[in-house]
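Summary of the model geometry
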Amino acid sequence: MSTPTPTARAAASGRSARTLPGTSSYALRRTSARSLPGTRRDARRDASMDALRDVGPVTLAIGPFAMLVGVTMTELEVPLVAGHLSSLLIFSGSVQLAALTLLHAGAGLTAILVTAAVLAARLLVYSAALAPRFSGQRAWFRWLGPHLLVDQTFALATARTDLTDPDRFRRYWLTAGFSLGAVWMSLVGLGTAIGPVIGSGSALEVTAPALFVGMLVPRLRDGRTVAVAVIAAVAALALTPVPRGGGLPLAIAAAMTLGTVLRPVQEEAQR
Amino acid sequence: MNTTTLLVAVGSVTLVVWLLRVAPITLLPTDRLPPRARAALDLTAPAAMAALIVTTLLGSHGEVAPVGHLLAVIVAAVIARLSGHLGWVVVGAVLTAAGADALGW
């Protein structure tokens with residue numbers, strides 16, 4: 001008597017052949033692709049490689065500002081180790097520069113902290129925008145990962161649509177943040193040495209606005225986004241006199257608010 | 001500059017900035033946000049990028065950037081539209097600014 005085929009056995013037992021032990025379909029359905037050796041590791045490696053590729057051009061743009069921070073630290077006679085520690089801990093060039101400058105000028109701690117809070121206010125908005133990506137993550141990452149939140153990491157993370165998987169987002173974020181941080185620290189150190197040689201007004205000063213242009217243009221996919229960008233730019237220009245750099249977060253908030261108001265007006269016009 | 005004072009200031013600033021970075025992520029109920037709030041947050045990136053372009057172009061006292069830098073930003077926008085590659089955008093902008101500087105613009 002011949003061995004019953006899977007189909008025959010299924011017919012006899014009343015179950016689908018795909019669920020019967022011993023069939024190749026059963027083996028594949030019971031084994032998650034993610035648990036196969038190499039697959040999960042490959043996915044993580046891909047996220048890291050994507051992050052390194054994306055960060056590459058960004059490092060060109062942060063160079064001049066990083067060197068400016070280094071030059072300023074030298075001019076303000078900031079102790080070397082403490083100065084580099086401030087780069088690592090604060091991880092925000094504009095806040096670091098403002099804090100060191102104010103401290104050198106004899107400002108009190110309250111004034112320094114208020115200035116820092118105003119300059120870093122946009123990070124609050126960035127953090128709110130990224131909150132869904134961080135939800136569902138491990139606790140250590142939710143509390144420590146945001147330390148890597150700066151303009152560049154925010155822009156890179158929000159530009160990609162393939163970071164919905166929590167593991168992939170975490171790997172991408174950490175790789176982008178740490179590699180950017182390593183470059184930042186190195187260039188600050190370089191700035192203490194060669195910054196004065198480069199001088200002010202050099203063509204390299206255009207790298208920062210160029211980088212942000214490069215990050216903005218691909219996002220201008222509809223009229224509302226274009227309108228929001230124009231409003232933000234005009235508001236930033238108009239609010240330049242606001243002290244302590246407070247104009248920047250106000251401009252962002254104004255553009256975001258008007259952008260949500262514009263939506264029902266646009267939808268009404270299209271009907 | 002006194003090292004102790006510096007470290008106290010840096011530590012305090014670090015705490016303030018970290019709180020700004022972490023508070024929404026740990027406190028915001030992202031799954032219960034009203035649709036308008038969610039829509040507003042989705043506009044953060046373009047608004048922030050546009051505002052940063054202006055603030056990084058202006059000097060520390062709000063002075064207008066050199067013509068060469070303005071031209072470089074236009075070139076950057078064109079390259080971004082055509083290629084979308086950040087590297088070429090930055091390189092193109094720097095070359096434009098350098099060329100304008102050489103021409104005395």
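It is worth spelling out the overall build of chain A at this point. Within chain A, the secondary structure is distributed over 13 helices and zero strands. Helices and strands appear in chain A in the N-to-C order α-α-α-α-α-α-α-α-α-α-α-α-α. Going through the 271 residues of chain A one by one, you find that 44% of them count as buried. If you take every contact in chain A between residues at least 6 apart in sequence, the share linking residues at least 24 apart comes to 72%.

This brings us to a nonpolar patch on the surface. All names here are of chain B. Taken together, the side chains of V67, L71, I74, V78, L82, L103 and W105 present a nonpolar region at the surface, about 750 Å² in accessible area. Following the sequence through the fold, L103 ends up in the segment after α5 (86–102). Using a relative accessible area of 60% as the deciding quantity, one classes L103 as exposed.

What follows covers the side chain of T72 of chain A. Residue and element names in this part refer to chain A. Following the sequence through the fold, T72 ends up in helix α3 (residues 39–75). At 2.8 Å, the side chain of T72 forms a polar contact with the backbone oxygen of L68. Not counting chain neighbours up to four residues away, the residues in contact with T72 comprise L97 and T101.

V58, V95, W173 and M215 of chain A together with V13 and M49 of chain B are the most contacted members of the largest nonpolar core, which totals 100 residues. With ten residues, helix α3 (residues 44–57) of chain B is the largest single contributor of residues to this core. What W173 of chain A contacts, discounting residues up to four positions off in sequence, is L130, F134, F141, G145, L148, L149, T153, F154 and A157 of chain A.

A few words on the environment of V183 of chain A. All names here are of chain A. Its location among the elements puts V183 in helix α10 (residues 166–198). On the accessibility criterion, V183 (26% relative accessible area) is partly exposed. It is 13 Å that separates the C-alpha atoms of V183 and Q152, two residues lying 31 residues apart in sequence. With near-sequence residues (within four places) excluded, V183 lies in contact with T59 and I62.

Our focus in this paragraph is the interface of chain A and chain B. Listed per partner, the contact involves 86 residues of chain A and 60 residues of chain B. Across the chain A/chain B interface, buried area totals approximately 6100 Å², and carbon plus sulfur atoms make up 83% of it. For the pair chain A and chain B, the number of links is zero salt bridges. Taken together, the connections running from chain A to chain B amount to eight residue pairs in polar contact (both at pLDDT 80 or more). With twelve residues, helix α7 (residues 121–134) of chain A is the largest single contributor of residues to the side of chain A that touches chain B. Its residues placed into classes, the side of chain A that touches chain B shows 63 nonpolar, 15 polar and eight charged.

In this structure, the second largest pocket occupies an estimated 810 Å³ of space. Around the second largest pocket sit 33 residues that line it, and A155, T158, A159, R160 and R219 of chain A are the ones nearest its centre. Of all the secondary-structure elements, those providing two or more residues to the lining of the second largest pocket are α3, α7, α9 (151–159), α11 (207–216) and α12 (223–238) of chain A together with α2 (35–42) and α3 of chain B. Here the lining of the second largest pocket takes five residues from α9 of chain A, the largest share from any one element. In the lining of the second largest pocket, the residues fall into 16 nonpolar, seven polar and ten charged.

About the criteria used
Residues numbered from 1 in each chain as written. Chains lettered and ligands numbered in written order. Predicted model: local features only at pLDDT ≥ 70, side-chain atom pairs only at ≥ 80, totals over all residues. Heavy atoms only, no water. Helix = DSSP H or I, 4+ residues; strand = E, 2+ residues; numbered from the N terminus. Buried < 20%, exposed > 50% of the residue type's maximum accessible area, 1.4 Å probe, protein only. Contact = heavy atoms within 4.5 Å. Patch = residues over 30% accessible without salt bridge, like charges linked within 9 Å, V, L, I, M, F, W, Y side chains within 5 Å. Areas by Shrake-Rupley, 256 points an atom, 1.4 Å probe, with all protein chains shown as cover. Salt bridge = Lys/Arg side-chain N within 4 Å of Asp/Glu carboxyl O. Polar contact = N/O pair within 3.5 Å; in protein donor to acceptor, adjacent residues only side chain to side chain. Core = buried A, V, L, I, M, F, W, Y, C linked by side-chain atoms within 4.5 Å. Buried area = accessible area lost by both parts, 1.4 Å probe. Nonpolar A, V, L, I, M, F, W, Y, C, P; charged D, E, K, R; others polar. 1 Å grid on protein atoms, 1.4 Å probe; cavity = no way out; pocket = protein on both sides within 12 Å on 5 of 7 lines; lining within 4 Å. Points joined across faces, edges and corners; volume = space filled by probe spheres on them.

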